[in-house]
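Understanding the architecture of this molecule
For reference, the chains in residue letters:
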Amino acid sequence: MIRPVLVILTFFCFTLFSCAVNRVAYSPAKKYPEAALQKDYTLLRAILEKKHPGVYWYTSRDSMDYYFDKYYAAIGDSMTEQQFAWHVLAPMVEKIRCGHTSVSSSKAYVKAVSGRRFPSFPLYMKVWSDTMAVLANLDRKDSIFKRGTLITSINGVNNRDQIIKMFGYLPQDGFANNVNYIRLSGNFPYYHRSIYGLSKNYNITYLDSNGVEKSAVLPLYTPVKDTSKKVDRPKEPEISKERRRLRYRSFEIDSTGKFATMTVNTFSKGNLRGFFRRSFRTLRKKNINNLVLDLRSNGGGKVTASTLLTKYISRTPFKVADSLYASTRGLGKYSKYVKAGIFNNIEMFFISSKRKDGKYHLGHLERKTYHPKSKNHYDGKLYVLINGPTFSASSLFCNVVKGQEGITLVGEETGGGWHGNNGIMIPDIKLPITGLRVRLPLYRLVQFNHIPRTGTGILPDVYVGTNYNALIKGVDYKMEVVRKMILETN
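Now for a description of the structure that goes with this document. Worth saying up front: this structure is predicted, and the values here are computed from it rather than measured.

Attention shifts here to the side chain of Thr434. With respect to the element layout, Thr434 can be found in the loop between strand S19 (428-430) and strand S20 (437-439). Classification of Thr434 as buried rests on a relative accessible area of 3%. A polar side-chain atom of Thr434 sits 2.8 Å from a polar atom in the side chain of Asp40. Sequence-distant contacts of Thr434, defined by excluding residues within four places in its chain, comprise Tyr32, Leu37, Asp40, Glu81, Phe84 and Ser106.

In structure tokens form, the structure reads like this:
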């Protein structure tokens, strides 16, 4: 009787202690000593070197060792979580050139800053090539930097140098940086603050309405409300299941009846099997001979869903991968640092087997040949809209259909690698001291009928980049170009 009682009392005390620790408020300003950060960094390096299947895919071992050592030396005493993440981990991870390997904040940090507003660079901007155009200005009193104003430099750093530097902190497959233009365009103030830090004032050069370069000073944007407290936001109204699904996918027939548009923003959610079945049945019954498939916001998801869409579209039999393998069959002693490490080990054990090359292959996906669907298969003309965020599983789809008769890829280079990528299983590494998380893909996938490993994304058949006038007017230029192509052809 004594032992069970002791166990219960011990568990009870441990629970109370845990609760007491959890009640200690987390501060984003907390600084970690150099030795603690070095431990987290050393552990991360060891996991990447031994378990990441593509750590030397685009960067040689000698070069990667140089970068590992360089950013270890960059660890300073008393760094905050965000300083460590942005100025040490992010640029180190970027050198792997794997779009599925990225750094994210600890859950404690995310919870602590949720709903808060922070000082920042005041301009949101659309970024493309070496061009920056203002999308919005947080300083409402300013009358100079309106939507469409072209920026040429910030604090003495010209656009080209600024973009190159910021890209050095953002992950991508190989050298397919197009996805990072979209990231910067989505939240330029956040990335500028994280990479360059804050300035009391920003000296900005720009082009006026006559194309003459001028300069002006914009102050740091500081929210009116106290940033030390969370902002109370009204509760959002309930959204129906169907409306929520429309965020993931949608289908509509144009008013002209000449074409339909299918938007698929993810291969992870949205009851896609039923959606595809209904949509392609409608296309057949209504005899729609032109389909626009919009994958511009599709960052990937389940390979099974991507493959299912391909079966409705592809004119020929196809495979998902020429090769697909992991460096090891499990996470070993690092399992405790990886989310669901034990379950990942079990899954890897059962789905892969060792080959003569010493790698652990997913033989099923290497051997499996898929055939186009016979029922409701789409045989009309297909226009696939692509750009930087077209990534991972959506790039698998684009690789298979590119070059097939009646199929045209329109837009910009995908962010997903044309040769292949690392993925399939992508758990998070959780660093034990800072709590920072780093995504760890466990398998390397070389695309079916892949191109040489040049590091590009999948290139469009018809290039349609950013159009300045359409940007000013808020017009979907790529969609308008495709619409014109269809109507003129008909």
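Spatially, the 6 strands line up as an open sheet ordered S10-S11-S12-S16-S17-S22, and their pairing is mixed. Whereas interior strands pair on both sides, the edge strands pair on one side only; in this sheet they are strand S10 (249-253) and strand S22 (462-463). Bridge count between strand S11 (residues 260-264) and strand S12 (residues 290-294): 4 bridges; the pairing is parallel. In the strand pairing of S12, Met262 is matched with Leu293. Across the sheet, helix H10 (residues 272-285) touches S10, S11 and S12, and the angle it forms with S10 is around 10°. Packing of helix H14 (residues 393-401) onto the sheet brings it into contact with S12, strand S16 (381-386) and strand S17 (407-411), and relative to S16 it is tilted by some 140°.

Time to look at the pattern of salt bridges. In this structure the tally under the stated criterion is 12 salt bridges. Residue Glu94 pairs with Arg97 through a salt bridge whose shortest N-O separation is 3.4 Å. Using a relative accessible area of 5% as the deciding quantity, one classes Glu94 as buried. In this structure, Glu366 engages Arg355 in a salt bridge whose closest nitrogen and oxygen atoms are separated by 3.3 Å. Of this pair, Glu366 sits in helix H13 (residues 363-367) while Arg355 sits in the loop between strand S14 (353-354) and strand S15 (360-361), and the two are 11 residues apart along the sequence. Among the residues examined, Glu366 registers a relative accessible area of 10% and is labelled buried. Each of Arg45, Glu49, Asp65 and Asp69 takes part in one network of salt bridges that share partners.

Reading guide: rules and limits
- Residues numbered from 1 in each chain as written.
- Predicted model: local features only at pLDDT ≥ 70, side-chain atom pairs only at ≥ 80, totals over all residues.
- Heavy atoms only, no water.
- Helix = DSSP H or I, 4+ residues; strand = E, 2+ residues; numbered from the N terminus.
- Buried < 20%, exposed > 50% of the residue type's maximum accessible area, 1.4 Å probe, protein only.
- Polar contact = N/O pair within 3.5 Å; in protein donor to acceptor, adjacent residues only side chain to side chain.
- Contact = heavy atoms within 4.5 Å.
- Pairing = 2+ DSSP bridges.
- Axes fitted to C-alpha atoms, helices over the stretch in contact; angles between N-to-C directions.
- Salt bridge = Lys/Arg side-chain N within 4 Å of Asp/Glu carboxyl O.

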